Amino acid sequence: MNILEATKIHKSYGNKFNKEEVLKGLDVTVKKGEFVSIMGPSGSGKTTLLNVLSSIDKVSSGTIQIEGKDMTVMKERQLAEFRQHHLGFIFQDYNLLDTLTVKENILLPLSVTKISKKEADLKFSLLAKELGIYELKDKYPNQISGGQKQRTSAARAFINEPSIIFADEPTGALDSKAASDLLDKLSDLNDKLKATIVMVTHDPVAASYCSRVIFIKDGRIFTQLTKGEESRQHFFQDIIKTQSVLGGVQHEH
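Residues numbered from 1 in each chain as written. Predicted model: local features only at pLDDT ≥ 70, side-chain atom pairs only at ≥ 80, totals over all residues. Heavy atoms only, no water.

## Re the sheet that holds strand β3 (residues 35-39)
Working step 1: The mixed open sheet is built from six strands, whose spatial order is β6-β7-β8-β3-β9-β10. Of all the strands in the sheet, the pair left with one neighbour each is β6 (87-90) and β10 (220-226). Strand-to-strand twist across the sheet, computed as the mean angle between neighbouring axes with direction ignored, equals 20°.
Working step 2: Summarising the sheet, β3 and strand β8 (residues 197-200) pair through four bridges and their orientation is parallel. Within β8, the position partnered with I38 by the bridge is V200.
Working step 3: Against the sheet, helix α8 (residues 232-246) engages β3, β9 (212-217) and β10, with an angle of about 10° to β9. (Pairing = 2+ DSSP bridges. Helix = DSSP H or I, 4+ residues; strand = E, 2+ residues; numbered from the N terminus. Axes fitted to C-alpha atoms, helices over the stretch in contact; angles between N-to-C directions. Contact = heavy atoms within 4.5 Å.)

## With respect to the sheet that holds strand β1 (residues 2-15)
Working step 1: In space, the four strands of this open sheet follow the order β2-β1-β4-β5, with antiparallel pairing throughout. Only two strands of the sheet have a single partner each, and these edge strands are β2 (18-31) and β5 (69-70).
Working step 2: Across 11 bridges, β1 lies against β2 in antiparallel orientation. Bridged to L4 within β2 is V30.

## Regarding the nonpolar core
Working step 1: The biggest cluster of nonpolar side chains holds 36 residues, and the ones touching the most others in it are F158 and L186.
Working step 2: Going through the elements one at a time, α3 (102-107), α4 (117-130), α5 (146-158), β7 (164-168), α6 (176-192) and β8 are the ones with two or more residues in this core.
Working step 3: A total of six residues in this core trace back to one element, the largest contributor, which is α6.
Working step 4: Ignoring sequence-local partners within four residues, the contact set of L186 consists of F35, I90, A154, F158 and I197.
Working step 5: Membership of the second largest hydrophobic core comes to 29 residues, among which are V36, L50, F89 and V198. (Core = buried A, V, L, I, M, F, W, Y, C linked by side-chain atoms within 4.5 Å. Buried < 20%, exposed > 50% of the residue type's maximum accessible area, 1.4 Å probe, protein only.)

## Quick notes on unusual backbone geometry
Working step 1: One non-glycine residue, K8, lies in the positive phi region at around 50°.
Working step 2: Although it is not a glycine, S55 adopts a positive phi angle of roughly 70°.

## Remarks on helix α1 (residues 46-53)
Working step 1: Burial of α1 is extensive: seven of the eight residues sit out of reach of the surface.
Working step 2: Of the residues flanking the end of α1, it is S55, one or two places downstream, whose phi is positive at about 70°.

## A look at the environment of K31
Working step 1: By secondary structure assignment, the location of K31 is in strand β2.
Working step 2: Taking the C-alpha atoms as reference points, K31 and L53, separated by 22 residues in sequence, lie 14 Å from one another.
Working step 3: Apart from residues lying up to four places away in sequence, K31 is in contact with M1, N2, I3 and T196.

## Remarks on the side chain of T48
Working step 1: Inspection of the secondary structure puts T48 in helix α1.
Working step 2: Discounting chain neighbours no more than four positions away, the residues touching T48 are K11, Y13, V22 and L23.

## Here's the deal with the pattern of salt bridges
Working step 1: Under the definition given, this model contains nine salt bridges.
Working step 2: For E76, the salt bridge identified is with K58, shortest N-O distance 3.8 Å. In this pair, E76 is assigned in helix α2 (residues 76-86) and K58 in the loop between α1 and β4 (61-66), connecting sequence segments 18 residues apart.
Working step 3: By relative accessible area, E76 is classed as partly exposed at 48%.
Working step 4: Taking the shortest distance from any N to any O, the salt bridge between R83 and E76 comes out at 3.7 Å.
Working step 5: Accessibility expressed as a relative area gives 22% for R83, which makes it partly exposed.
Working step 6: What emerges from the salt-bridge pattern is a single network uniting K58, E76 and R83. (Salt bridge = Lys/Arg side-chain N within 4 Å of Asp/Glu carboxyl O.)

Shape is all these values report; function is a separate question.
Here is the structure:
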C-alpha cells in the first residue's frame with residue numbers, strides 16, 4: 001500500500017520574467033514501511049523535492065497525498081495539524097532546544113496531544129533505549145556529542161508514531177562512526193516499527209541502508225535502484241556506479 005503518492009510535481013521560483021523551474025513533473029510513490037533515499041548531484045532538486053513532499057514548501061502544481069489526504073489543497077491550519085500527527089522530521093543540524101533536556105526535547109511533539117504522562121514516559125523509555133540515549137535523558141544538548149544529538153532528534157521524530165519520517169542529510173554533520181550508528185538505529189526502527197522513512201543524502205554509504213534509491217537529475221527522476229535481496233555492500237557498489245553515470249558527488253574513502 002502506498003503511503004505517499006506525488007503526481008506531476010512542478011516547483012518553480014521567481015516570477016514570469018525570471019523563472020527557474022527546479023522540479024519538472026515528477027511522480028513519486030512510497031510504500032508503507034519503506035526506507036527510501038533521494039540522491040542527485042548538487043542543484044538537482046533533491047532537497048526541494050523533500051521540502052515539497054514534507055509540506056515545508058508548496059508545489060507550483062501537482063498533488064501530494066499522504067495517507068490518502070491531499071496536502072496541496074490544505075489550508076495552513078489544517079496543514080499544521082496534519083504535520084503534528086502524521087509527519088516526523090530529522091534535520092542535518094539537529095534543531096534541538098538548548099534549554100530543554102534530552103528527554104524534554106524528545107517528548108516535545110507529545111506536549112500538544114492528550115496523551116497521559118505515564119504513556120508518554122513509556123514511549124520515551126522504549127524509544128530512547130532503542131536509540132541508545134536513555135542514560136542521557138537529563139543532559140542538555142550542549143553536554144552531548146553530535147551523534148547523540150542526532151539520535152535525540154531521531155527519537156523526537158519517531159515519538160508520536162508519524163505516518164512518515166522525512167530526513168534531510170541526517171548524517172551530514174556526523175563522523176563516520178556516529179553516522180553508521182545512526183543509520184543502524186534508523187534501519188532497526190524501520191524494521192521493528194515498520195516506520196516509513198524518506199531521506200535525502202549525498203552519501204552512498206547512507207543510501208545503502210535504504211530499500212530503494214531514487215536518483216534525480218535536473219529536476220527529473222533519472223533512475224531508481226531497489227535493494228531486494230542484495231547485500232548492503234553490493235547495493236553500495238550499484239549506487240556508486242549509478243552516481244558516476246549521473247555525474248554526482250563521488251564518495252571519498
